[in-house]
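# Structure at a glance
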Amino acid sequence: MKGRTDTPRDRGCLVGIIFFILGLGTLLPWNFFMTASLYFQGRLNTTEWSNGTSVVRKEYYFNNWMTLLSQLPLLLFTLLNSFLYQRISEAMRIAGSLVFILLLFVLTAALVKVPMEQDRFFDVTMATIWFINSFGAVLQGSLFGLVGLLPQKYSAVFMSGQGLAGTFAAVAMLLALASDADSESAALGYFVTPCVGTLLTLFSYLLLPRLDFAQYHLNKSSKYELGATDELLKESGAVENGKLNGHANGSASKGPAEGEGEGEPAADGTKHAFLSLEPAEPAQAKASVMEVFKKIWVMAFCVTFVFTVTLSVFPAVTVDVMTAFPGGKWERFFISVCCFLTFNINDWLGRTVTTLVRWPAKESRLFPLLVVSRVVFVPLLMLCNVQPRRSSLPVLFSHDAAFAVIMTLFSVSSGYFVCLSMSYAPQLVAQKDAETAGALMTFFLALGLSIGAALSFPLRTLV
Ligand SMILES: Nc1nc2c(ncn2[C@@H]2O[C@H](CO)[C@@H](O)[C@H]2O)c(=O)[nH]1
């Protein structure tokens, strides 16, 4: 490829469209299960018995378990990355994960029509959530490795696709609710949507090798996968050296720091900065993970904290908020609109705004201060009309509009600060260490999601 001048072009932006779809596909499992929480709760909350004085319901804490069993696999696979990723080929990981995700969605759709005892339904659903998100984590990590081989803007396109998955799920839920079909058929229709979505994602992936532009860039990856190590790096030319160098280090993980390359930094195009054409000078020694961490720890703390706060109440607490206007049609749509649609649109908006506004600056003390101040959303959301209440905590914000406003600020700030911390981190280190910084941040992102999910249990019981 050295000296080649006829670099293929992405005709019709097909490769871009494919990576957008691939991004969307990676977050379908998490979002479709989360958004369907009312369906699951409906199937789980039917048994009531009397203990003499009052009616008692078996409490499954579905949303808490769903959140935890979705986010733990992400953390686990970020850590397992180094073992798994070298042993299984990339095509196998991507296509294989998609096939399993498809099968699990088909199973979930089929179960809509299968009556089942509640405890068993809970167990089957939780197992499905665990496995579907494990495959989702492998898929996400592998695709970030792949997208890193393409020009930078493709990472942003991929992230944008990911950002839209939640809105896609929320709209599918609204359509299911608005349809005249009975609730079973509506649920079936809802779960068939991600089946089609995953199938489309799989076809998109299979189409990639047929496109010149993708082939030209991604072939470099297969060189690496065939075992291209230092020899190849030494042999390759200056330009290619820069590229391969970045990728080889990205895939040949050496520890947790070389995480999935989940790539939030790419949202603003910084994560794969190391893939840009580096000068032909001999590679400088990379700083150790600890050295890099010392430089970016504030940003690592910020991304962990933002997701800890976000996942501690969303969706486990927010999904139980009740409208102040029950009894009408609105009640059916309330959670889908005020909780899921509001969160996903504003989270995406917050991320997108960072392309225009970058305040506070990365050195500013105000930045971590604002991130920490987001903790105020936890009590604010708990003081909304969360039902049933298990404590004597009062409802201060009972109006739907109040809840919607709090949700809007909560989600815009979540997307905004996540994106900013992820993009600031690689800028705090030398370019040669940008990748380590990005990978470290990925690990802390997953850590924040998991801590938040774990915290959602005590927080829900406190309300
Ligand atoms: N990038 C990324 N974000 C996630 C993942 N799971 C949940 N989230 C984020 O968590 C929030 C709640 O869904 C949203 O901001 C999502 O983007 C994941 O696997 N990757």
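Basis of the calculations
- Residues numbered from 1 in each chain as written.
- Predicted model: local features only at pLDDT ≥ 70, side-chain atom pairs only at ≥ 80, totals over all residues.
- UniProt positions renumbered as here; feature names shortened; annotations may be inferred.
- Helix = DSSP H or I, 4+ residues; strand = E, 2+ residues; numbered from the N terminus.
- Buried ≥ 20, exposed ≤ 12 C-beta atoms within 10 Å, placed from the backbone.
- Core = buried A, V, L, I, M, F, W, Y, C linked by C-beta atoms within 7 Å.
- Contact = placed C-beta atoms within 7 Å.
- Axes fitted to C-alpha atoms, helices over the stretch in contact; angles between N-to-C directions.
- Parallel < 35°, antiparallel > 145°, perpendicular 65-115°, else oblique.
- Left-handed = near helix turned anticlockwise from the far one by under 90°.
- pLDDT = per-residue confidence, 0-100.

For the chain, an unreviewed UniProt entry supplies the name Equilibrative nucleoside transporter 2-like and the organism Salarias fasciatus. According to the UniProt record, the Sequence similarities (unreviewed entry) comment for the chain reads "Belongs to the SLC29A/ENT transporter (TC 2.A.57) family." Listed under Subcellular location (unreviewed entry) in UniProt, the entry text for the chain is "Basolateral cell membrane".

Omega for the peptide link from Trp359 to Pro360 comes to -5°, which places this bond in the cis form. Mapped onto the elements of the fold, Pro360 is located in the loop between α13 (330-353) and α14 (366-373). Looking along the chain, the bond that leaves Gln387 and enters Pro388 is cis, with omega of -5°. Along the chain, Pro388 turns up in the loop between α15 (377-382) and α16 (400-427). Positive phi values are uncommon outside glycine, yet Cys13 reaches one of about 55°. Along the polypeptide, Cys13 turns up in the segment before α1 (14-26). The exposure class assigned to Cys13 is partly exposed, which follows from the 13 C-beta atoms found within 10 Å. Despite not being glycine, Tyr61 has its phi angle at roughly 50°, a positive value. In this structure, Tyr61 sits in the loop between β2 (55-57) and α4 (62-87).

Once that is clear, we can look at the nonpolar core. One recurring pattern in soluble globular proteins is that nonpolar side chains are buried together. Core analysis: the largest hydrophobic core is formed by 116 residues, its most contacted members being Phe19, Val303, Val306, Leu440 and Met441. The greatest single-element share of this core, amounting to 13 residues, is contributed by α16. Apart from the residues lying within four places of it in its own chain, the contact partners of Phe19 are Val147, Tyr154, Val157, Phe158 and Gly161.

Where helix α7 (residues 153-178) meets helix α8 (residues 183-207), the axes come as close as 9 Å, and the angle between the chain directions of the two elements is 155°. In terms of their interaxial angle, α7 and α8 are classed as roughly antiparallel. In the packing of α7 onto α8, the handedness of the crossing is right-handed. Where α7 abuts α8, its residues Ala172, Met173, Ala176 and Leu177 lie against Ala186, Ala187, Gly189, Tyr190 and Thr193.

Moving on, we come to the confidence of the model for the chain. Detailed reading of the predicted model is not advised wherever pLDDT is low. Of all residues in the chain, 82% attain a pLDDT of 70 or more, and the chain-wide mean is 84. Of the regions scoring below 50 in pLDDT, residues 223-281 engages in 139 contacts with residues more than four places distant in sequence or in other chains. Across the whole predicted complex the pTM is 0.84, and at the interface the ipTM reaches 0.97.

Along the chain, Ala169 falls in helix α7. Taking the C-beta count within 10 Å as the criterion, Ala169 has 28 such neighbours and is therefore assigned buried. Taking C-alpha positions, Ala169 is 20 Å from Ser97, a pair spaced 72 residues apart along the chain. Excluding residues within four positions of it along the chain, Ala169 makes contact with Asn31, Phe32 and Thr35.

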